[in-house]
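Report on the structure
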Amino acid sequence: MIERLVPEGVVAVDAFEDVAEPGDLHPAEAALIARAVDTRRREFTTARWCARQALARLGAPAAALLPGPHGAPVWPAGTLGSITHCAGFRAAVAARSPAVAALGIDAEPNEPVPEGVLGAIALPGERRHLRDLARGTPEVQWNRLLFSAKEAVYKSWYPWTGERLDFEDAALTFTLNDGPAHGSHPAPGTRLGGGFTARILSVPPPAAALPDLPDRLEGRWLAERGLLLTAITVVRAVPGGRAGAGG
């Protein structure tokens with residue numbers, strides 16, 4: 001399912017149930033979850049299995065995906081990727097770094113965010129935007145989709161720039177494609193999706209000095225099977241062209 005949100009050249013692998021065993025992990029990865037509860041071990045193992053499958057399809061050598069200084073997995077030289085998991089879903093994407101500058105994916109249940117979370121993640125303009133969207137398409141939990149999209153923004157931004165973003169550092173807007181007209185109600189199980197734009201409000205140095213660093217990122221989202229999926233892909237510049245951001 002996640003493959004529908006990424007462009008050609010990005011390999012995507014997902015799973016709706018746990019398909020890997022602890023023995024499938026690299027010993028260094030297994031050490032990371034040696035004391036974890038069973039649920040955490042299973043989601044970690046299958047998500048790493050998805051990542052390894054994606055790398056294999058790129059022709060990249062198998063390697064342990066270990067967390068870097070801020071927890072993001074460090075991918076083999078010449079590649080980059082992103083991993084996500086939530087209840088009932090695990091996924092990974094990977095690409096060759098000469099072709100893609102940044103990748104970020106996230107998955108969440110299509111359920112309301114816990115009490116108090118929206119106030120911590122949403123700017124005033126975003127809250128107004130989400131209320132408008134909810135009136136037209138209440139089947140999507142827009143507050144949770146905002147959380148997921150911001151996670152995708154941060155997962156793509158930090159490995160690319162080396163700088164972390166806070167929730168208030170990006171302002172998001174969503175569009176709805178392939179869905180019902182405003183005010184109508186799709187049948188249960190209908191697939192909904194669209195795009196989103198993340199306007200980066202503050203880019204501290206040294207990231208601001210990176211060549212062709214955009215002031216906004218373009219992503220895609222999907223609501224299906226009780227899940228909300230988001231993805232951002234930033235394609236590198238090609239000779240005679242410019243870098244683009246999109247999914």
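Up top you'll find the structure we're talking about.
Residues numbered from 1 in each chain as written. Predicted model: local features only at pLDDT ≥ 70, side-chain atom pairs only at ≥ 80, totals over all residues. Heavy atoms only, no water.

The next subject is the overall build of the protein. Per the secondary structure count, the protein includes 5 helices and 9 strands. Ordered by position from the N terminus, the helices and strands of the protein form the series β-α-α-β-β-β-α-α-α-β-β-β-β-β. When contacts within the protein are restricted to residue pairs at least 6 apart in sequence, long-range pairs at least 24 apart make up 64% of them. Of the roughly 11,900 Å² that the protein leaves accessible, carbon and sulfur atoms contribute 53%. (Helix = DSSP H or I, 4+ residues; strand = E, 2+ residues; numbered from the N terminus. Contact = heavy atoms within 4.5 Å. Areas by Shrake-Rupley, 256 points an atom, 1.4 Å probe, with all protein chains shown as cover.)

It is worth spelling out the environment of histidine 26 at this point. For histidine 26, the location among the structural elements is in the loop between strand 1 (11–15) and helix 1 (27–32). Once the C-alpha coordinates of histidine 26 and leucine 65 are considered, the two residues, 39 residues apart in sequence, prove to be 8.4 Å apart. Each residue touching histidine 26, except ones within four places of it in the same chain, is listed here: Arg52 and Ala64.

Our next topic: the pattern of salt bridges. Within the structure shown, the criterion is met by 13 salt bridges. For aspartate 18, the salt bridge is made with arginine 42, and the minimal N-O distance between the two is 2.9 Å. Taken together, the residues aspartate 18 in the loop between strand 1 and helix 1 and arginine 42 in helix 2 (residues 38–58) connect sequence positions 24 residues apart. Linking aspartate 38 and arginine 41 is a salt bridge whose minimum nitrogen-to-oxygen distance equals 3.6 Å. Placement of both aspartate 38 and arginine 41 in helix 2 is noted, with a separation of 3 residues, approximately one turn of the helix. When its relative accessible area of 32% is taken as the criterion, arginine 41 is described as partly exposed. Here the residues in one salt-bridge network are Asp18, Asp38, Arg41, Arg42 and Arg90, joined through shared partners. (Salt bridge = Lys/Arg side-chain N within 4 Å of Asp/Glu carboxyl O. Buried < 20%, exposed > 50% of the residue type's maximum accessible area, 1.4 Å probe, protein only.)

Another point: the side chain of threonine 197. In this fold, threonine 197 is placed in strand 6 (residues 192–200). What makes threonine 197 buried here is its relative accessible area of 18%. Not counting chain neighbours up to four residues away, the residues in contact with threonine 197 comprise Ala171, Leu172, Thr173, Arg216, Leu217 and Glu218.

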